[in-house]
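Each chain, written out:
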Amino acid sequence: MKDRALALAGLLQAVQLVQQMAQNGQAESQPLSACIESLFRFDAESPEAVYDGAANLGPGLRRLIGQLEGGAGRDPALTRMAMTVLHLERSFIRHPSAPQAVHDGLEQIARQREHFGPTHATVLGRLGELYAKEVSPVGPRVLVQGNPVYLGQPDLVGEVRATLLAALRAAVLWRQLGGSYWDFLFGRRAMVQAARDWLDGTR
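Residues numbered from 1 in each chain as written. Predicted model: local features only at pLDDT ≥ 70, side-chain atom pairs only at ≥ 80, totals over all residues. Heavy atoms only, no water.

Caption draft 1: Structural context of the pattern of salt bridges. All told, the structure shown has five salt bridges when counted by the stated rule. For Arg 4, the salt bridge is made with Asp 183, and the minimal N-O distance between the two is 2.9 Å. With Arg 4 in helix H1 (residues 2-24) and Asp 183 in helix H10 (residues 182-186), this residue pair connects regions lying 179 residues apart in the sequence. When its relative accessible area of 16% is taken as the criterion, Arg 4 is described as buried. The class of Asp 183 is buried, set by a relative accessible area of 6%. Across the salt bridge formed by Arg 196 and Glu 69, the nearest N and O atoms sit 2.5 Å from each other. One end of the pair, Arg 196, is in helix H11 (residues 188-202); the other, Glu 69, is in helix H4 (residues 58-69), and 127 residues separate them in sequence. (Salt bridge = Lys/Arg side-chain N within 4 Å of Asp/Glu carboxyl O. Helix = DSSP H or I, 4+ residues; strand = E, 2+ residues; numbered from the N terminus. Buried < 20%, exposed > 50% of the residue type's maximum accessible area, 1.4 Å probe, protein only.)

Structure representation (C-alpha cells):
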C-alpha cells in the first residue's frame, strides 16, 4: 500500500500540474521536473527511485491526503482527471502497439532530455507529440478545463500532453504494484496513513 500511495501521489502531482498550466499558463518547475524525469527511469529499482525520492512528490502526497480525506481539501476536477487517466491506462496497456511505441519514443527523446534537461521546451514539445500520436487515439480523452487563452497556445498544449504522459506513467506504476479500484473503496485510510508516512520521512 505504501508504494501504491506513492504512485498515486505521482499521478495526482501530474494532473495538478496540468490544472496549473490550464489555469495559469505555467506550472511549478521542480514538481514538473520530477514528473517528467519519471518517464525516463525505465529500470528503476523501486517506486521511490522512479521519482528520485519521495521528497520530490511532496505536492502529490499532500494532494492525495486532501482528495481521500474529503471535505474542503478535495478538488472534484482533479479527481475526474485522475480517474480518467486510470481508465486510459487500462486501454493503453491492452493496446497491441501503443506501449512499445511510447517506450521507443521515450528512448529517442532521452538524448535531448540529457542535453537540455527534462523541462526544456524542446523536450516537453516532443513528449507532447508522442502523447498526441500514440496515447490520445487510444482513449478515453482527458478533459482539461482552464483558461481558453492558455489552452489555445500550441506550446502550452504540448506541455499539458507531456505532463499527462507522466500521469499515465504513474497510473501504469500503480497498476504494476497491484493497485485496483478496491483501494479507493476499502483502503482509503491506509493510503492516507501511507502518504503521511512518506511525508514524515521527507522532513
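Caption draft 2: Up close: a nonpolar patch on the surface. Residues Trp 182, Leu 185 and Phe 186 make up a contiguous nonpolar surface patch of about 430 Å² in total accessible area. Secondary-structure assignment places Phe 186 in helix H10. (Patch = residues over 30% accessible without salt bridge, like charges linked within 9 Å, V, L, I, M, F, W, Y side chains within 5 Å. Areas by Shrake-Rupley, 256 points an atom, 1.4 Å probe, with all protein chains shown as cover.)

Caption draft 3: Just the packing of aromatic side chains, in detail. Applying the stated rule across the entire model yields four aromatic pairs. Centre to centre, the rings of Trp 174 and Phe 184 are 5.7 Å apart; their planes meet at 35 degrees, and the pair counts as tilted. One end of the pair, Trp 174, is in helix H9 (residues 154-176); the other, Phe 184, is in helix H10, and ten residues separate them in sequence. For the pair shown, Trp 174 and Phe 184 are each scored as buried. (Phe/Tyr/Trp six-rings, centres within 6.5 Å; stacked < 30°, edge-to-face > 60°.)

Caption draft 4: Local environment of the nonpolar core. The biggest cluster of nonpolar side chains holds 67 residues, and the ones touching the most others in it are Leu 11, Leu 127 and Leu 165. When neighbours within four sequence positions are excluded, Leu 165 is seen to be in contact with Leu 39, Val 102, Leu 106, Leu 127, Leu 130, Tyr 131 and Val 135. (Core = buried A, V, L, I, M, F, W, Y, C linked by side-chain atoms within 4.5 Å. Contact = heavy atoms within 4.5 Å.)

Caption draft 5: Seen up close, unusual backbone geometry. The peptide bond linking Gly 139 to Pro 140 adopts the cis configuration, its omega dihedral lying at 0 degrees. Looking at the element boundaries, Pro 140 is found in the loop between helix H7 (121-135) and helix H8 (148-151). Of note, Asp 52 is a non-glycine position whose phi angle comes to about 55 degrees, a positive value.

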